[in-house]
Amino acid sequence: MARKSTRYLCKECGAESATWMGRCPACGAWDSLTELARVIGKDAARAAGKAPVAAGRAPAGGPARPLPLAEVPLDATRRVTSGLAELDRVLGGGFVPGAAVLVGGDPGIGKSTLLLQAAHAVAAAGGRPVLYVTGEESPGQVRLRAERLGALSPGLLLLAATDLDEVLAALEQVAPSLLILDSVQTLSDPGLEAATGSPAQVRHVAQVLTRAAKASGWPLVLIGHVTKEGQIAGPRLLEHMVDAVFYFEGEEGGSGRILRSVKNRFGPTHEVALFTMGDGGLSPVEDPSGFLGGRHLKGATGAAVTVTWKGSRPLAVEVQALVSAPRYGTPARVIQGVDPRRVGLLVAVLEKAGGLAIGGSDIFVSVAGGLRLDDPSTDAALLAALASAHAGAALPDATLYLGEAGLRGDLRAGGRLAERCLEAARLGFARVLSPAAPEGVKGLPADLVRIMPDVAALLAACGLARARGLSGGFDA
Ligand code: TYD
Ligand code: MG
């Protein structure tokens, strides 16, 4: 049974309200609330159409029926593998039926390419067709891309539409095994008095389709452009409405691409998938650590390698620092791939515990491959890179750095120490400077790990400072 309801959506920020108000309570814009008279439940019922209703669910529009958890068929949670192993890993094993995934990224980064490749693979695996809705490009343009990618599976259906009702009508005809919307910003509901791509439309479209997905059991992928203007009408707006959020990123001009998971109700977060964009589309990176600069460096100044943990695997990655005399009064800080506040903290630790007069300098930091580090165990590499850049002196060869810095200048071992050390050994590093050694790990060279209890010891081992009260420097 459909429930009649009137909602008011803010045209500026997309906030919802049950009553009309002259001023949006969320963003404070005046006269921005617009009425959306819609029969809630109708969209979902229409979209569900003749689609087989997943067992354990109420038929769309019908009364919901509670079910003992043990009687919920496992079938409803079987995943739809994307056919791309890298993507599957980030998804947590494939698309989840009824779940909505948001893939955001800058225009031109390769979102359409990635999802077209996945759509083709899912369709080629047989079963129900895949529906790819394009509001951005003409069918001819999509066909051209598909030719280039070899993605012309007969089970891959294309719909060019910008009207939500057209998409709902198509869903009535096709009960897809996967629905891809490219992009959520190009679709709109003519029943809502707001411009296409406005926060109100984007939110509304996403809401109607996520409900329909849940009711019918097909996985939904929403592609969203990250917009320059504060991202207000972009994917950020939708993050709380969907089950998983991924961002597709890459360094400008480079061919490397990273798909980052920032939220995943059904899989690991912080997982990353690595691809390279070539003439035939996206291909998985075979050697992730090599891709991220995680090979051993020789005679490098201002560059150090660490092993970070991303979702389910270790990744060796190079961090780089440049330290120079300030050009203007206030020292510049240009930090990419690490939280600038973390770098600020490490600079203060180098001043206090390491005795380096580095705080007044211009400081530039970046992480190879466009990866983002949110793992404190990478502090030691940042400290080494900063200290080396500051001194203009090379770091020891074939050395890898692990450890989290404390405010007192102490270093602590983080989680997954054994796996990180094994990855370092696998990549041929001769030495790992770490606050602790992993215990009882087979396959590690006996002299691989050298214990660094604090920042002073770390600097001494790198030949960058005299250890205060500690004996033993770097002798490899
Ligand atoms: P696209 O998937 O259209 O990006 P988005 O949907 O995120 O806007 O990809 C656009 C870029 O990718 C474009 O500059 C061309 C490049 N590209 C390749 O290099 N190889 C390929 O096989 C394809 C299909 C695209
Ligand atoms: Mg696109």
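Residues numbered from 1 in each chain as written. Chains lettered and ligands numbered in written order. Predicted model: local features only at pLDDT ≥ 70, side-chain atom pairs only at ≥ 80, totals over all residues. Heavy atoms only, no water.

A. A look at the sheet that holds strand 4 (residues 100-105). Pairing is mixed across the open sheet formed by nine strands, whose spatial order is 6-5-7-8-4-9-10-11-12. The open sheet has two edge strands with one neighbour each: strand 6 (156-160) and strand 12 (281-284). For this sheet the average axis-to-axis angle between neighbouring strands, irrespective of direction, equals 25°. By the bridge criterion, five bridges tie strand 5 (residues 130-134) to strand 6 in an arrangement that is parallel. Among the inter-strand pairings, Val 133 is bridged to a residue of strand 6, identified as Leu 159. Of the strands in this sheet, strand 4, strand 5, strand 6, strand 7 (178-182), strand 8 (220-225), strand 9 (244-249), strand 10 (256-264), strand 11 (272-278) and strand 12 are in contact with helix 3 (residues 111-124), which crosses strand 5 at around 155°. (Pairing = 2+ DSSP bridges. Helix = DSSP H or I, 4+ residues; strand = E, 2+ residues; numbered from the N terminus. Axes fitted to C-alpha atoms, helices over the stretch in contact; angles between N-to-C directions. Contact = heavy atoms within 4.5 Å.)

B. Looking closely at the site of ligand 1. Taken together, 16 residues are adjacent to ligand 1, and Gly 108, Ser 112, Thr 113, Arg 145 and Gly 278 come closest. Interatomic distance of 2.7 Å between a side-chain N/O atom of Ser 112 and an oxygen atom of ligand 1. At 2.8 Å, a side-chain N or O of Arg 145 approaches an oxygen atom of ligand 1. Contributions of two or more residues to the shell around ligand 1 are made by helix 3, helix 4 (139-149) and strand 11. Of the residues contributing to the shell around ligand 1, the split by class is four nonpolar, seven polar and five charged. (Near = heavy atom within 4 Å. Polar contact = N/O pair within 3.5 Å; in protein donor to acceptor, adjacent residues only side chain to side chain. Nonpolar A, V, L, I, M, F, W, Y, C, P; charged D, E, K, R; others polar.)

C. How the structure looks around the side chain of Thr 378. Inspection of the secondary structure assignment puts Thr 378 in the loop between strand 16 (362-367) and helix 9 (379-391). Non-local contacts of Thr 378, meaning those with residues more than four positions away in its chain, are made with Thr 306, Thr 308, Leu 373 and Gly 403.

D. Molecular detail of the environment of Gly 217. Within the secondary structure, Gly 217 sits in the loop between helix 6 (199-216) and strand 8. Ignoring anything within four residues of it in the chain, the contact list for Gly 217 reads Pro 97 and Gly 98.

E. The arrangement of the layout of surface pockets in detail. Empty space within the largest pocket amounts to approximately 750 Å³. Listing elements by their share of the lining of the largest pocket, those giving two or more residues are strand 4, strand 9, strand 10 and strand 16. The dominant element in the lining of the largest pocket, judged by the number of residues it contributes, is strand 9, at three residues. Residues of the lining of the largest pocket, tallied by class, amount to 10 nonpolar, 11 polar and eight charged. (1 Å grid on protein atoms, 1.4 Å probe; cavity = no way out; pocket = protein on both sides within 12 Å on 5 of 7 lines; lining within 4 Å. Points joined across faces, edges and corners; volume = space filled by probe spheres on them.)

F. Representation of a nonpolar patch on the surface. Taken together, the side chains of Leu 322, Val 334 and Phe 364 define a hydrophobic patch exposed on the protein surface, amounting to about 250 Å² of accessible area. Tracing the sequence through the fold places Val 334 in strand 15 (residues 333-335). Judged by relative accessible area, which is 42%, Val 334 ranks as partly exposed. (Patch = residues over 30% accessible without salt bridge, like charges linked within 9 Å, V, L, I, M, F, W, Y side chains within 5 Å. Areas by Shrake-Rupley, 256 points an atom, 1.4 Å probe, with all protein chains shown as cover. Salt bridge = Lys/Arg side-chain N within 4 Å of Asp/Glu carboxyl O. Buried < 20%, exposed > 50% of the residue type's maximum accessible area, 1.4 Å probe, protein only.)

G. Main features of the pairing of strand 14 (residues 313-324). Most of strand 14 is tucked away, with nine of its 12 residues classed as buried. Relative to strand 14, strand 13 (residues 303-310) runs antiparallel, the two sharing eight bridges. Each bridged residue has a counterpart across the sheet, and for Thr 306 the counterpart in strand 14 is Val 317. What sits between the antiparallel neighbours strand 13 and strand 14 is a turn of two residues, in which Gly 311 has the positive phi angle 65°. Across six bridges, strand 14 lies against strand 16 in antiparallel orientation. Among the inter-strand pairings, Val 319 is bridged to a residue of strand 16, identified as Val 367.

H. A look at helix 4. When we look at burial in helix 4, the residues that qualify are Val 142, Arg 145, Ala 146 and Leu 149. Viewed along the axis of helix 4, the buried residues span an arc of 100°, placing them on a single side of the element. Helix 4 presents Leu 144 and Arg 148 as exposed residues on the side facing more than 90 degrees away from its buried surface. Buried residues belonging to helix 4 abut helix 3, strand 5, strand 6 and strand 12. Of the residues flanking the end of helix 4, it is Gly 150, one or two places downstream, whose phi is positive at about 65°. (Arc of directions from axis to C-beta.)

I. Region of interest: the confidence of the model for the protein chain. Summing up the model confidence of the protein chain, the mean pLDDT is 86 and the portion of residues at 70 or higher is 88%. Every residue in residues 39-60 is under pLDDT 50, and counting partners more than four places away or in other chains gives 47 contacts. Segment residues 466-476: pLDDT under 50, and 23 contacts once partners within four positions in sequence are set aside and those in other chains are kept. (pLDDT = per-residue confidence, 0-100.)

J. Expanded view of unusual backbone geometry. The peptide bond linking Asp 182 to Ser 183 adopts the cis configuration, its omega dihedral lying at 5°. Even without being a glycine, Ala 398 presents a positive backbone phi close to 50°. Of note, Ala 398 is situated in the loop between helix 9 and strand 17 (399-401). The class for Ala 398 is buried, based on a relative accessible area of 13%. In the Ramachandran plot, Arg 416 falls in the positive-phi region, its phi being about 60° despite a non-glycine side chain.

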